[in-house]
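If you want the building blocks of each chain, they are given just below.
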Amino acid sequence: MPRPKSFDEEAVLARAVELFRAHGYEATSLADLESHLGLGRQSLYNTFGDKQALFHKALDYYRRTVGDSMVERLNRPGAGLEAVRDFFRASIRNMTGESPRSGCLVANTITERASDDPAALLRCNQSREQLERGFRRALGQATDRGELPPHVDVEATATLLVIQNYGLNALAKTGATAQELEAAMEALLAGLK
């Protein structure tokens, strides 16, 4: 009879997210995972599968715990331009508040793993589409309320905001300050009016 698990899988996934965000997939070894997660290799394999399977589960966990709550800001009833601004401010806090700056696991994965890992790319595309839908919803409501001019192309602008978010992530990793990132975000939003 197998021994019962003596660890919280969600807590282990949260720690795996930290490690993958900080170092990326390739630079994270099994020894790093064992040490950081406090689990032996056999426990990791028995519970999560191989490193790639653990990474996929970490991506899913990140989306549930970070991505969904971030996008929820855009999906609230009455969300408009201020919700978009609130999303970016929270995102910038997440990007610049950690040491070392780890950035967004989805954006990091797109740049590191997209061409090598179709399952990770699928998860990233699902997250990107969810974010884009949230931006479209908030922008559509902002247009309906007169916060944005009626000629604004909501579809294209939602895509532009996703690109802005991933671009801010890249800049944050280079050391850009929260103030610099917020100024770039404000310039973009001002250009919509």
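Residues numbered from 1 in each chain as written. Predicted model: local features only at pLDDT ≥ 70, side-chain atom pairs only at ≥ 80, totals over all residues. Heavy atoms only, no water.

**Q** Please provide a residue-by-residue account of helix α7 (residues 118–144), values included.
**A** Taking 1.5 Å per residue as the helical rise, α7 with its 27 residues ought to reach 39 Å, and the 38 Å between its terminal C-alpha atoms agrees with that figure. In the segment just after α7, Gly-146 is the residue with positive phi, at about 85°. (Helix = DSSP H or I, 4+ residues; strand = E, 2+ residues; numbered from the N terminus. Expected span 1.5 Å × (residues − 1).)

**Q** Kindly report on the pattern of salt bridges, identifying the contributing residues and their values.
**A** Under the defined criterion, the tally for this structure stands at 16 salt bridges. Arg-41 is the salt-bridge partner of Glu-34, the closest N and O atoms lying 2.8 Å from each other. With relative accessibility at 22%, the residue Glu-34 sits in the partly exposed group. Under the relative-accessibility criterion, Arg-41 is labelled partly exposed at 37%. A salt bridge links Arg-123 to Asp-60; its shortest N-O distance comes to 2.8 Å. Separated by 63 residues along the polypeptide, Arg-123 in helix α7 and Asp-60 in helix α4 (residues 51–75) bring together distant segments of the chain. A residue is classified by how much of its surface remains accessible, and Arg-123, at 22% relative accessible area, is partly exposed. Ionic contacts of the salt-bridge type, sharing partners, join the residues Glu-82, Arg-85, Arg-89, Glu-182 and Glu-186 into one network. (Salt bridge = Lys/Arg side-chain N within 4 Å of Asp/Glu carboxyl O. Buried < 20%, exposed > 50% of the residue type's maximum accessible area, 1.4 Å probe, protein only.)

**Q** Lay out the environment of Tyr-61 with the relevant residues and their values.
**A** Inspection of the secondary structure assignment puts Tyr-61 in helix α4. Exposure remark for Tyr-61: the relative accessible area of 13% places this residue in the buried category. C-alpha of Tyr-61 to C-alpha of Leu-13: the two residues are 48 residues apart in sequence and 6.7 Å apart in space. Not counting residues within four places of it along the chain, the set of residues in contact with Tyr-61 comprises Glu-10, Leu-13, Ala-14 and Val-17. (Contact = heavy atoms within 4.5 Å.)

**Q** Talk me through the packing of aromatic side chains; I want residue IDs and the actual numbers.
**A** Tallied over the entire structure, the rule returns six aromatic pairs. Among the aromatic residues, those joined into a ring-pair cluster are Phe-20, Tyr-25 and Phe-55. (Phe/Tyr/Trp six-rings, centres within 6.5 Å; stacked < 30°, edge-to-face > 60°.)

**Q** Residues and numbers for the state of the cysteines, please.
**A** This structure, assessed with the given rule, holds zero disulfides. Lacking any disulfide linkage, Cys-104 is separated from the closest cysteine sulfur, that of Cys-124, by 8.1 Å. (Disulfide = S-S within 2.5 Å.)

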